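So the chains spell out like this:
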Amino acid sequence: MRRVASGVTLAALVLLPFFGSNYALDVANRCGIAVIGVLGLNILTGFTGLISLGNAAFMAIGGFSAAFLITKAGVNGFAAIPAAGAIAALLGMIVGVPSLRLKGLYLAMATLAAHFIVEFTVVKWESVTGGVSGMSVPAPALFGVVLDNDRKLFGLVLLLALAALLFARNLFRARPGRALIAVRDHETAAAVMGIDVFRAKISAFGLSAFFVGVAGALAAIQSRIISPESYPLSLAIDALSMVIIGGMGSVAGSVLGAVGLTLLPEGLRAATNALSGQWPDLISKLSILKELVFSILIIVFLIFEPHGLAALWRRAVRKRHATTQQQPEGGGK
Amino acid sequence: MDFTFLLQLLINGLVVGSIYALVATGFVIIHKSTGALNLAQGEFLMVGAYVCLYAMTTFRLPFAAAFPLTLAFTALLGVLIERVVLRPLLGSPVISVIMVTLGLAGLLRSGLQFFFGTDTRAFPELFPSAPVMLGVVPVSQGYIWSVAGVTVLLTALGLFFRYSRAGLALRATASNQQTALSMGISVKRMFALSWCIAAVVSAIGGVLLGAIRGGIDMSLGHMGLKVLPVVILGGLDSVPGAIVGGLFIGVVENLTGGYLDPLLGGGVKEVVPYIVLVLILMVRPSGLFGRKKVDRV
Amino acid sequence: MTAMALSIRDLFLSFGGVSALSGVSFDVRPGEIFAIIGPNGAGKSSMLNCISGLYRPQRGTIAFGETPVTGLPPHRRARLGIARSFQNIALFKEMSVVDNILVGRHLHARTRLLSAGFSLPSARISEKAQRAKVDEVVAFLGLGAVRDEPVGTLAYGVQKRVELARALASEPKLLLLDEPMAGMNSGERDDMVRAILETNAAHGVTIVMIEHDMGIVMDISDTVCVLDFGRRIALGSPSEVRDDPHVIKAYLGEEDD
């Protein structure tokens, strides 16, 4: 049953470029990119318990690295994506070094500071980033295939998103992933069981930043033009909302949160368009409306379902297949 | 070097810093007594400024009536938020509490934008506009009133904590919840009280800031994030630290704004508090006045 | 002379001027069950925390076999073969019983981030081997019925057993138990005593244990060390310690206040 459902979903996704509208493919690409980025943040915050407000900064690092590598270093666009991830991972590990000493709120503050410092650096380092005016990002091309629109880009996004999902799923069913969860749940006990807590945290920072950097590179390629303003703090908060609403420490939750909250504003847009007859100023307030709804959702989920959509989903599945015992997810939560 | 320019920067820094100090005090009070990190502190400030503006323009109330009304409103809001949003999360992981205050910040900000729009709104003139001369430096009267207001308020808070029953109970709660409980103090009520005080204090900061600037918009909310370097510098659980930290960050910000921004093409003023934050976290995470915690297993 | 399993020499530990251990020394012989007893606040848990590396003593040395470990962080000591349980249960509360015990196998697997993420054959083989070992431990401690339950939902006594299982899964040479029987009913206690004795006998694991149940301590330990106010006031076989005037005084003194 579950196999059939995922098979049908996969088939629909593979066929999407052949029948979807331009708008649908734009949204689908943004969903896929969000899945990769949210998975990255979830590895750090949900699975390892290290809160980060620096997600937008790592998106920016991924985006500007890719743009720089393609336009100024002459790297092929396809190679630039993992390279951007690697650069983000390296910087992520550097930011992670103080994390051994910092916990909870202090880490939130340190990553917030990292956000503003990265933003400042991006604005000032004009020779690399183009400064305030930003950069344009050429489409990746290989053997005459040029991914210059959403329809052509979708295959790559889908592939990378699936790879990211499988990687994360495997990881948290095996030793290194369990070590991260152990560090989150009880740092002292983890250390006593032989886990090098510092190393675990640094690898969580690196892996998380790699995913987020790849997402940033893809987002830059999709939008074609990036500037420091493409990465406001609210982007980091949106990503955290997706993690929380989707489900902290859950791979499936990352998908639900990323897709759900990427589609939500689109739904709001459709709704306000439909209601613009009665309330003409509603359209202009769309972004405010989005923030309002996201904020309310965060609060409501934290109070009533801290394990997010993933928990709701699991409960619904269990209810439907009450007879067949489901294997609990490797993520633990 | 132009001495008047330096003096002007220092005064600007102290004025803005005093408001940082005020908002940071609210922040510290919440953290001390409830352990929560309130990232919606800047939004409390906005609520204060907008409610006061609304009362004065739409209801045409004089400031003397609008101001107490604002305080009453924000006091109620603080209590309500604690009761509805924070209390269900008692005992939740730090991440949840931080995130819920981020959600709260978003809710308050988008709510205000929904009602008041995103344009800058003129704030009624509260203080005479003619500057007075402080030595050779002309200083606007708003600045003087504002610093005086903050000083009075912080003194009043200090007295409240030292001598009033509620203040003592709040301090007892902050130092040890179990002991406070055993002395018959309602810890839950103290949590509500600390959110109430924090909201009111920030609202006052918002009104003062509105009056000084002459206009308010959504950028007021950034004060909430600026306060983080302040409290890290001073120590998350120290009210004197919040005051010293506030003044220090205010001054550093204005000095770098005055001297480094022209050289580097702007933006340094905005980032320098966060560089200070990182330095403090690396050197002394408990801040200048904060207590070091001994982790026991 | 054969090497001691554990040698504690002149350990001093204090917190902000309040001393928890003042000059404690003792040796633990390989393969024995060594009990640390004493009134509340005597420094028993502080001692275990020093041995497992959670606290750094201000003075003194700790040697594990022939290896000095005084300055090593906890995970390095675990690598040498020291495992422990905690007085207040310290399980990974969002994980299932099996996953908790699997963490105990951390040191015996070598799977790295990339081989795990790409699920390479080496990672799969290692994972299978670890799970087989965990199944042994699960069977040994009778945790089969709850193996896939999240630990947070289990009864206190069962959680204590899971903690022991996690420690055993790491195949330690030295096992530190901090009040393994606290809060258990008598049936659970019997099971725990049996598990401890069997671990000690079958696998030759040296055990250092803090326990308040004097009946059990006197029954199963080879050596008993009595601490009071951070000092060692007695050391010897259970019968020697039972008749020691200092010990009697320390215990009666406690009941007085």
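Draft legend 1. Here's a closer look at the overall build of chain C. Along its length, chain C carries ten helices and ten strands. The globule rule puts the C-alpha radius of gyration for 257 residues at 18 Å, and the 19 Å found for chain C is close to it. For chain C, buried positions account for 54% of its 257 residues. Counted over contacts in chain C with a minimum sequence separation of 6, partners at least 24 positions apart contribute 66%. Accessible surface, chain C: about 11200 Å² in total, of which carbon and sulfur atoms supply 53%. Each charge class in chain C can be summarised by its mean position, and for the 28 positive and 31 negative side chains these summaries are 10 Å apart.

Draft legend 2. Highlighting the overall build of chain A. Looking only at helices and strands, chain A has 14 helices and four strands in total. Over its C-alpha atoms chain A spans a radius of gyration of 20 Å, differing by no more than 12% from the 20 Å that the globule rule assigns to 333 residues. When its C-alpha atoms are laid out on the principal axes, chain A stretches across 50 × 45 × 45 Å. In chain A, which comprises 333 residues, the share counted as buried stands at 55%. Sequence-distant contacts in chain A: of pairs separated by 6 or more residues, those separated by 24 or more amount to 78%. Here chain A displays about 13700 Å² of accessible surface, and carbon together with sulfur accounts for 68% of that area.

Draft legend 3. Quick look at a nonpolar patch on the surface. On the surface, Ile87, Leu90, Leu91, Met93 and Ile94 of chain A cluster together into a nonpolar patch covering about 420 Å² of accessible area. Tracing the chain through its elements places Ile94 of chain A in helix α4 (residues 77–96).

Draft legend 4. View of the state of the cysteines. Evaluation of the coordinates by the stated rule reveals zero disulfides over all chains. Residue Cys52 of chain B stays outside any disulfide, its sulfur separated by 17 Å from that of Cys196 of chain B, the closest cysteine. The buried category is assigned to Cys52 of chain B, whose relative accessible area is 0%. Not engaged in a disulfide, the cysteine Cys50 of chain C finds its nearest cysteine sulfur in Cys225 of chain C; these two sulfurs lie 13 Å apart.

Draft legend 5. How the structure looks around the interface of chain A and chain B. With 38 residues of chain A in contact, the opposing surface of chain B contributes 48 residues. For the pair chain A and chain B, the two sides together bury roughly 3500 Å², of which 81% comes from carbon and sulfur. Counting across the chain A and chain B interface gives one salt bridge. Between Arg109 of chain B and Glu291 of chain A there is a salt bridge, with its nearest N and O atoms 2.4 Å apart. Applying the counting rule to chain A against chain B returns four residue pairs in polar contact (both at pLDDT 80 or more). Mapped onto the side of chain A that touches chain B, the elements with two or more residues apiece are α5 (104–124), α11 (233–246) and α13 (286–304) of chain A. At twelve residues, the largest contribution of residues to the side of chain A that touches chain B is made by α5 of chain A. Considering only residue class, the side of chain A that touches chain B consists of 27 nonpolar, six polar and five charged.

Draft legend 6. Layout of the side chain of Asp185 of chain A. Along the polypeptide, Asp185 of chain A turns up in helix α8 (residues 175–185). Residue Asp185 of chain A is classed as buried on the basis of its relative accessible area of 10%. Separated by 3.3 Å, the side chain of Asp185 of chain A and the backbone nitrogen of Lys93 of chain C make a polar contact.

Draft legend 7. The arrangement of the pairing of strand β2 (residues 18–28) of chain C in detail. Residue and element names in this part refer to chain C. In terms of strand pairing, strand β1 (residues 6–15) meets β2 through eight bridges, oriented antiparallel. The residue of β2 that forms the bridge with Ser7 is Asp27. A loop of two residues connects β1 with β2, the two strands running antiparallel in sequence, and Gly16 in this loop sits at a positive phi of about 50°.

Draft legend 8. Highlighting the packing of aromatic side chains. Tallying each qualifying case throughout the model produces 14 aromatic pairs over all chains. Between Phe167 of chain A and Phe118 of chain C, the ring centres sit 5.0 Å apart and the planes meet at 80°, which makes this aromatic pair edge-to-face. Taken together, the positions of Phe167 of chain A in helix α7 (residues 150–171) and Phe118 of chain C in the loop between α4 (113–117) and α5 (121–140) put the pair across two chains. In this structure an aromatic cluster arises from ring pairing among Tyr50, Tyr54, Phe59 and Phe116 of chain B. Of note, Arg84 of chain C hangs over the ring of Phe86 of chain C, and the distance from its end group to the ring centre comes to 4.3 Å. Seen from the ring of Phe92 of chain C, Arg166 of chain C lies directly overhead, with NZ or CZ sitting 4.7 Å from the centre.

Draft legend 9. View of the interface of chain C and chain A. In this complex, chain C contributes 34 residues to the contact, which on the side of chain A involves 31 residues. Together chain C and chain A conceal approximately 2900 Å² of surface at their shared face, both sides included; 65% is due to carbon and sulfur atoms. Together, Glu94, His106 and Leu113 of chain C form the three largest contributors to the area buried by chain C at its contact with chain A, with a combined 25%. There are one salt bridge connecting chain C and chain A. One salt bridge in this structure joins Arg178 of chain A and Glu127 of chain C, with 2.9 Å as the shortest N-O distance. In this assembly, chain C and chain A are joined by nine residue pairs in polar contact (both at pLDDT 80 or more). Its residues assigned to classes, the side of chain C that touches chain A shows 18 nonpolar, seven polar and nine charged.

Draft legend 10. Spotlight on the packing of α5 of chain A against helix α9 (residues 222–234) of chain B. Two elements in contact, α5 of chain A and α9 of chain B, have axes whose closest approach is 11 Å; the angle formed by their N-to-C orientations is 125°. On the basis of the axis angle, α5 of chain A is oblique to α9 of chain B. Crossing of α5 of chain A over α9 of chain B shows left-handed handedness. Of the residues in α9 of chain B, those in contact with Tyr106, Met109, Leu112 and Phe116 of chain A of α5 of chain A are Leu225, Leu228, Val231 and Ile232 of chain B.

Draft legend 11. Structural context of the sheet that holds strand β10 (residues 231–236) of chain C. All names here are of chain C. Taken together, six strands build an open sheet; the order of strands is β6-β7-β8-β3-β9-β10 and the sheet is mixed. For this open sheet the edge positions go to β6 (82–84) and β10, each flanked by a neighbour on one side alone. Within the sheet, the average angular offset between the axes of one strand and its neighbour, ignoring direction, is 20°. As paired strands, strand β7 (residues 174–178) and strand β8 (residues 206–210) are joined by five bridges and run parallel to one another.

Draft legend 12. Quick peek at the domain arrangement of chain C. Residues and elements named next belong to chain C. According to the domain assignment, chain C consists of domain 1 (1–81 + 172–257) and domain 2 (95–169). For domain 1 versus domain 2, the distance between C-alpha centres works out to 27 Å. The interface is formed by 16 residues belonging to domain 1 together with eleven residues belonging to domain 2. At the junction of domain 1 and domain 2, the tally comes to zero salt bridges. Counting across the domain 1 and domain 2 interface gives one residue pair in polar contact (both at pLDDT 80 or more). Breaking the side of domain 1 that touches domain 2 down by element, the ones donating at least two residues are α2 (74–80), β7 and α7 (186–203).

Draft legend 13. Structural context of the sheet that holds strand β5 (residues 67–68) of chain C. All names here are of chain C. One open sheet accounts for four strands, arranged β2-β1-β4-β5; its pairing is antiparallel. Here the strands that pair on one side only, and so sit at the sheet edges, are β2 and β5. Where strand β4 (residues 59–64) and β5 come together, two bridges link them in antiparallel fashion. By the bridge assignment for β5, Phe64 is matched with Thr67. Packed on one face of the sheet, helix α1 (residues 44–52) meets β1, β2 and β4 and runs near 115° to β1.

Draft legend 14. Representation of a positive patch on the surface. Together, Arg199 of chain A together with Arg76, Arg79, Arg110 and Arg112 of chain C give the surface a local cluster of positive charge. Looking at where Arg112 of chain C falls in the secondary structure, it is placed in the loop between α3 (97–104) and α4. Arg112 of chain C sits in the partly exposed class, given a relative accessible area of 45%.

The rules behind these values
- Residues numbered from 1 in each chain as written.
- Chains lettered and ligands numbered in written order.
- Predicted model: local features only at pLDDT ≥ 70, side-chain atom pairs only at ≥ 80, totals over all residues.
- Heavy atoms only, no water.
- Helix = DSSP H or I, 4+ residues; strand = E, 2+ residues; numbered from the N terminus.
- Rg over C-alpha atoms; globule rule 2.2 N^0.38 Å.
- Buried < 20%, exposed > 50% of the residue type's maximum accessible area, 1.4 Å probe, protein only.
- Contact = heavy atoms within 4.5 Å.
- Areas by Shrake-Rupley, 256 points an atom, 1.4 Å probe, with all protein chains shown as cover.
- Lys, Arg positive; Asp, Glu negative; His and termini not counted.
- Charge placed at Lys NZ, Arg CZ, Asp CG, Glu CD.
- Patch = residues over 30% accessible without salt bridge, like charges linked within 9 Å, V, L, I, M, F, W, Y side chains within 5 Å.
- Salt bridge = Lys/Arg side-chain N within 4 Å of Asp/Glu carboxyl O.
- Disulfide = S-S within 2.5 Å.
- Buried area = accessible area lost by both parts, 1.4 Å probe.
- Polar contact = N/O pair within 3.5 Å; in protein donor to acceptor, adjacent residues only side chain to side chain.
- Nonpolar A, V, L, I, M, F, W, Y, C, P; charged D, E, K, R; others polar.
- Pairing = 2+ DSSP bridges.
- Phe/Tyr/Trp six-rings, centres within 6.5 Å; stacked < 30°, edge-to-face > 60°.
- Lys NZ or Arg CZ within 6 Å of the ring centre and 35° of its normal.
- Axes fitted to C-alpha atoms, helices over the stretch in contact; angles between N-to-C directions.
- Parallel < 35°, antiparallel > 145°, perpendicular 65-115°, else oblique.
- Left-handed = near helix turned anticlockwise from the far one by under 90°.
- Domains from an automatic or database assignment.

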